[in-house]
Amino acid sequence: MSTTIPWRSWLLLGALSLLLFLITASTFSSLGVVLPAMIKENGWSFFHGFLGFTLLGAFCGASSKFPAILIRKIGVRGAILAGSAVMVAGFACLALSPGLLVYWLGTALLGAGYQMMALIPGTHVLSMLFKKRALPFGIYFTIGSLGGVAGPWMVVTGMAAAHGGWRPYWWAQAAASVVVGALCAALVGGRAWLEAAAAQTDKAVAEDIQAAPANTKVYRTAVDWTVKEAVATPQFWVIMAAYFAHLLGGVTAVSLAPTHLSELHVASAVAIAAISLESLMQVAARMGGGLLGDRVDPRWLLAGAQGMMAVGLVALGHAASWPLLVLFAVGVGIGFGLTVLAVSILLLNYYGRKNNLEIFSLVCLVGAVSALGPVVGGEMRDRLGSFTPTFQVCAAIIGVIFVAACFMRPPRKAIAQEPVAEPVPDMLQDAA
């Protein structure tokens with residue numbers, strides 16, 4: 001972290017976390033709650049209505065390269081302001097919604113704006129400001145995941161204030177996007193300040209690596225990898241597969257769980273409680289991971305997250321009792337919440353900060369494919385008569401990645417890297 005103005009780094013962390021909270025609450029966590037009212041008023045079919053949800057997720061993943069290009073061209077501040085404009089346009093389309101095409105356009109814009117405004121710019125800025133990234137990343141993702149808990153309550157409160165109307169709610173979210181986006185753009189500063197802070201952070205990281213005792217292991221590289229070099233390593237594909245699998249399993253579980261649990265004759269109140277517990281476990285996992293990520297090898301956080309998610313999905317397939325419902329909530333919640341944090345830290349540790357913007361954006365591309373999980377699950381339900389096989393297939397895929405993560409080691413370039421000896425303890429000594 002910059003030693004000259006540390007308060008600004010922490011203040012910016014708070015603003016970016018607020019932005020991720022808002023954008024998560026107002027998109028993925030709000031749309032599903034508002035949709036029934038929109039469908040009823042406009043006379044849409046459920047298929048057409050929920051297709052907008054699929055477009056939201058697909059465009060969120062498919063557009064992940066665009067923010068990286070935008071940041072390189074016009075800077076972080078420009079990217080956040082552009083993202084804010086895209087979000088306002090998306091919310092305006094939802095608020096107006098004269099027909100399905102405008103509604104679908106709105107959800108697509110919100111998916112693209114989500115990446116432009118929050119996730120990619122946020123992780124990029126934090127990696128430039130903080131030498132120890134696990135705790136700031138943990139705070140960032142924890143507050144963002146709280147948006148998933150708050151979103152439905154925001155809808156209920158907002159629609160109640162509007163006497164059941166849903167259009168004012170979307171206009172209010174558009175206004176909030178402008179306010180919080182402008183706040184973050186003002187605090188993030190220009191390129192000169194960010195580049196100076198990044199140079200100081202990189203110098204501090206390199207000094208820590210060189211100063212590490214010979215009998216300890218440093219889980220960071222002392223050199224920056226190019227995108228081409230990173231993609232050529234098997235570790236990159238393991239990390240990308242883990243990111244894909246956590247989205248596939250998490251989105252599939254949460255979207256199909258209500259119907260699946262009703263088919264298992266689980267009371268609706270109990271099902272809602274289990275799903276809420278899953279969201280709270282995401283929050284706890286990200287905060288806990290932030291506290292541990294600079295003290296243990298993040299590889300073990302990734303492996304543990306994948307293992308927990310696999311167990312949780314298997315439990316969900318047969319969750320007709322409280323113990324299995326709790327196991328589902330804990331397993332999927334911790335697995336989903338911890339994976340994105342572990343992936344973010346591992347990419348920085350393995351491939352350096354210089355090209356992390358493009359490398360992380362490339363990993364996020366798989367989010368577009370994972371959006372097909374609920375559709376595939378519905379098709380399997382029609383053919384097999386149960387959602388259980390869908391959860392079992394997802395668990396099997398994640399189980400393979402769990403094994404790969406357990407055996408993964410930091411990649412090494414052909415040239416000499418950091419002077420680091422092999423470890424005895426599995427602890428990270430480069431915290432600051």
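A quick note: this is a predicted structure, and the numbers were derived from the prediction, not measured.

Regarding empty space enclosed by the protein
Phase 1 of the analysis: Scanning all chains against the criterion turns up 2 cavities of 30 Å³ or more.
Phase 2 of the analysis: Of the voids in this model, the second largest cavity is the one considered here, and its volume is about 30 Å³.
Phase 3 of the analysis: Along the lines of polarity and charge, the residues of the lining of the second largest cavity split into 3 nonpolar, 3 polar and no charged.

Points about the packing of helix H2 (residues 28-42) against helix H7 (residues 167-188)
Phase 1 of the analysis: Where H2 meets H7, the axes come as close as 10 Å, and the angle between the chain directions of the two elements is 140°. One element, H2, and the other, H7, form an angle in the oblique class. Residues Ser30, Leu31, Val34, Met38, Glu41 and Asn42 of H2 lie in contact with H7, whose contacting residues are Arg167, Tyr169 and Trp170.

Observations regarding the nonpolar core
Phase 1 of the analysis: With 121 residues, the main nonpolar core has Trp170, Tyr243, Leu313 and Phe328 as its most contacted residues.
Phase 2 of the analysis: If one sorts the elements of this core by residue count, helix H13 (residues 322-351) sits on top with 17 residues.
Phase 3 of the analysis: Among all residues touching tyrosine 243, those that are not within four sequence positions of it are Leu119, Thr339, Val340, Val343, Val363, Cys364 and Val366.

A word on the layout of surface pockets
If a probe as big as a water molecule is rolled over the atoms, it shows which places are left empty.
Phase 1 of the analysis: Space inside the second largest pocket adds up to approximately 260 Å³.
Phase 2 of the analysis: Contributing to the lining of the second largest pocket are 13 residues, with Ile71, Arg72, His124, Met128 and Glu195 lying nearest its centre.
Phase 3 of the analysis: Every element with two or more residues in the lining of the second largest pocket is listed here: helix H4 (65-96), helix H5 (100-129) and helix H8 (191-211).
Phase 4 of the analysis: Considered class by class, the residues forming the lining of the second largest pocket number 5 nonpolar, 3 polar and 5 charged.

Looking at the pattern of salt bridges
Phase 1 of the analysis: Counted under the stated rule, the structure contains 5 salt bridges.
Phase 2 of the analysis: Between glutamate 41 and arginine 167 there is a salt bridge; the shortest N-O distance is 3.2 Å. Of the two residues, glutamate 41 is situated in helix H2 and arginine 167 in helix H7; the sequence distance between them amounts to 126 residues.
Phase 3 of the analysis: Given a relative accessible area of 25%, arginine 167 falls into the partly exposed group.

A look at the packing of H4 against H7
Phase 1 of the analysis: Look at H4 against H7: their axes get within 8 Å of each other, and the N-to-C directions meet at 175°. Judged on the interaxial angle alone, H7 and H4 are roughly antiparallel. Along the contact surface, H4 presents Val76, Arg77, Ile80, Leu81, Ser84, Met87, Val88, Phe91, Ala92, Leu94, Ala95 and Leu96, while H7 presents Arg167, Trp170, Trp171, Gln173, Ala174, Ser177, Val178, Gly181, Cys184, Ala185, Ala186 and Val188.
Phase 2 of the analysis: Within the contact of H4 with H7, the residues separate by chemical class into 18 nonpolar, 4 polar and 2 charged.

What about the state of the cysteines?
Phase 1 of the analysis: Throughout the structure, instances matching the rule amount to 0 disulfides.
Phase 2 of the analysis: Cysteine 93 carries a free sulfur, and the closest cysteine sulfur to it, the one in cysteine 60, is 17 Å from it.
Phase 3 of the analysis: You can call cysteine 93 buried: its relative accessible area is 12%.
Phase 4 of the analysis: Sulfur of cysteine 364: no disulfide; nearest cysteine sulfur belongs to cysteine 60 and is 8.0 Å away.
Phase 5 of the analysis: Under the relative-accessibility criterion, cysteine 364 is labelled buried at 1%.

About the criteria used
- Residues numbered from 1 in each chain as written.
- Predicted model: local features only at pLDDT ≥ 70, side-chain atom pairs only at ≥ 80, totals over all residues.
- Heavy atoms only, no water.
- 1 Å grid on protein atoms, 1.4 Å probe; cavity = no way out; pocket = protein on both sides within 12 Å on 5 of 7 lines; lining within 4 Å.
- Points joined across faces, edges and corners; volume = space filled by probe spheres on them.
- Nonpolar A, V, L, I, M, F, W, Y, C, P; charged D, E, K, R; others polar.
- Axes fitted to C-alpha atoms, helices over the stretch in contact; angles between N-to-C directions.
- Helix = DSSP H or I, 4+ residues; strand = E, 2+ residues; numbered from the N terminus.
- Parallel < 35°, antiparallel > 145°, perpendicular 65-115°, else oblique.
- Contact = heavy atoms within 4.5 Å.
- Core = buried A, V, L, I, M, F, W, Y, C linked by side-chain atoms within 4.5 Å.
- Buried < 20%, exposed > 50% of the residue type's maximum accessible area, 1.4 Å probe, protein only.
- Salt bridge = Lys/Arg side-chain N within 4 Å of Asp/Glu carboxyl O.
- Disulfide = S-S within 2.5 Å.

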